[in-house]
Amino acid sequence: MDKLFIYLVLSLPLVGVYAMLGLGITVIYQASRVLNLAHGAMAMSAAYFTYQLTVLWHLPVPAGVAGGVVFGALFGLAVERIFVRRLRSAGPTTQTVGTVAVLSLAIAVASQKFGSLPVNTPQVLPTGALQVGPGQVHWDLLLIFPIGVAGALALFALLQFTDIGLAMRGAAQNRRGASLRGVDPDRTTMLAWVIGGAYAGLAGILLSSATALDPYGVPLGVLPAFVAVLIGGLDSMPGVLLGAAVVGFTQGMVPAMGLLPKVGPIDVPTLAHSQGAPELVVGVLALAVMARRGARLSTADARSDTL
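Residues numbered from 1 in each chain as written. Predicted model: local features only at pLDDT ≥ 70, side-chain atom pairs only at ≥ 80, totals over all residues. Heavy atoms only, no water.

Our next topic: the packing of helix 6 (residues 144-161) against helix 9 (residues 185-210). One way to put it is that helix 6 packs onto helix 9 with a least axis distance of 12 Å and a crossing angle of 175°. Classified by the angle between their axes, helix 6 and helix 9 sit roughly antiparallel to one another. Residues Ile 144, Ile 147, Gly 151, Ala 154, Leu 155 and Leu 158 of helix 6 form the contact with helix 9, whose participating residues are Ile 195, Tyr 199, Leu 202, Leu 206 and Ala 210. Considered class by class, the residues forming the contact of helix 6 with helix 9 number 10 nonpolar, 1 polar and no charged. (Axes fitted to C-alpha atoms, helices over the stretch in contact; angles between N-to-C directions. Helix = DSSP H or I, 4+ residues; strand = E, 2+ residues; numbered from the N terminus. Parallel < 35°, antiparallel > 145°, perpendicular 65-115°, else oblique. Contact = heavy atoms within 4.5 Å. Nonpolar A, V, L, I, M, F, W, Y, C, P; charged D, E, K, R; others polar.)

Structure, rendered in structure tokens:
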């Protein structure tokens, strides 16, 4: 039971990261009806910018983190202005394909500038470890969870209880109607991409600080956040938080399967600790979610075409 509890605690950082990433994906989708597949590029680019500021230019870590978050927000703004807005007349599907081009370009640029090998980013969160039963959990991992929860509450409050949030939600549901009421839908969409980019940047900085940074790890690490969004629904922020919990705990508890005995010819402990086992489980979960939620996602896309 002690080992099981440790695995549960170690799953909390994943929940926090996927919550921040999923909320950024959702706020962008709600405002523009575009599924931003470049979200991983935003997270990775912000982390590399923080690395550039702190390690290569020797700025203080707080300044580097702030600069990375701002860079993520500006990255989101650039994607919206250069790609998404120019492709709006072609429809949401074409806009989504445009974000794939951004992802490929960002990975190529990062690989050329920083190389493909992992680099050690600065320590953002406190060092040390918390004793949990017979094991330890490092603070730089554990503190990601409360940061993700605080970010989720802040974003939910912004969208639900402020005039800016009301304008963003109204423009997403009916651009023409919002314009008639004095709301600039282009401005609200741009703001959503800025917020989504900032959240992606913060998540990328925290994740790379706790692990390592390379041009491929962070963009691929964002994929479970899309599964969390699919579970919760692209229009539901509370649902995204639930989806982040489901995906985070599912992925984090895969090594706990090593505590199970061998079942007939299936060596469960070996499978649980094999390389790629958590990713395999998340992939199966994604397929199951898409099979069950395909009708809802199609309906959302159809509704967006009428805006």
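A few words on the environment of Phe 83. With respect to the element layout, Phe 83 can be found in helix 3 (residues 61-84). Phe 83 sits in the partly exposed class, given a relative accessible area of 27%. Distance from Phe 83 to Gln 95, taken between C-alpha atoms, is 7.2 Å for residues 12 residues apart in sequence. (Buried < 20%, exposed > 50% of the residue type's maximum accessible area, 1.4 Å probe, protein only.)

Counting across every chain of the model gives 5 aromatic pairs. A ring pair is formed by Phe 49 and Phe 71, whose centres lie 4.6 Å apart and whose planes are at 10°; its orientation type is stacked. Of this pair, Phe 49 sits in helix 2 (residues 39-56) while Phe 71 is found in helix 3, placing the two residues 22 residues apart along the sequence. Plain terms: the ring middles of Phe 71 and Phe 75 are 6.3 Å apart, the flat faces sit at 70° to each other, and that makes the pair edge-to-face. One end of the pair is Phe 71 and the other is Phe 75, both in helix 3 and 4 residues apart, which spans about a single turn. Given the relative accessible area of 28%, Phe 71 is considered partly exposed. Taking NZ or CZ as reference, Lys 113 lies 5.4 Å from the ring centre of Phe 114, over its face. (Phe/Tyr/Trp six-rings, centres within 6.5 Å; stacked < 30°, edge-to-face > 60°. Lys NZ or Arg CZ within 6 Å of the ring centre and 35° of its normal.)

Structurally, the position occupied by Ser 208 is in helix 9. A relative accessible area of 2% places Ser 208 in the buried class. At a separation of 2.9 Å, a polar atom in the side chain of Ser 208 contacts the main-chain carbonyl oxygen of Gly 204. Separated by 3.1 Å, the side chain of Ser 208 and the backbone oxygen of Ile 205 make a polar contact. (Polar contact = N/O pair within 3.5 Å; in protein donor to acceptor, adjacent residues only side chain to side chain.)

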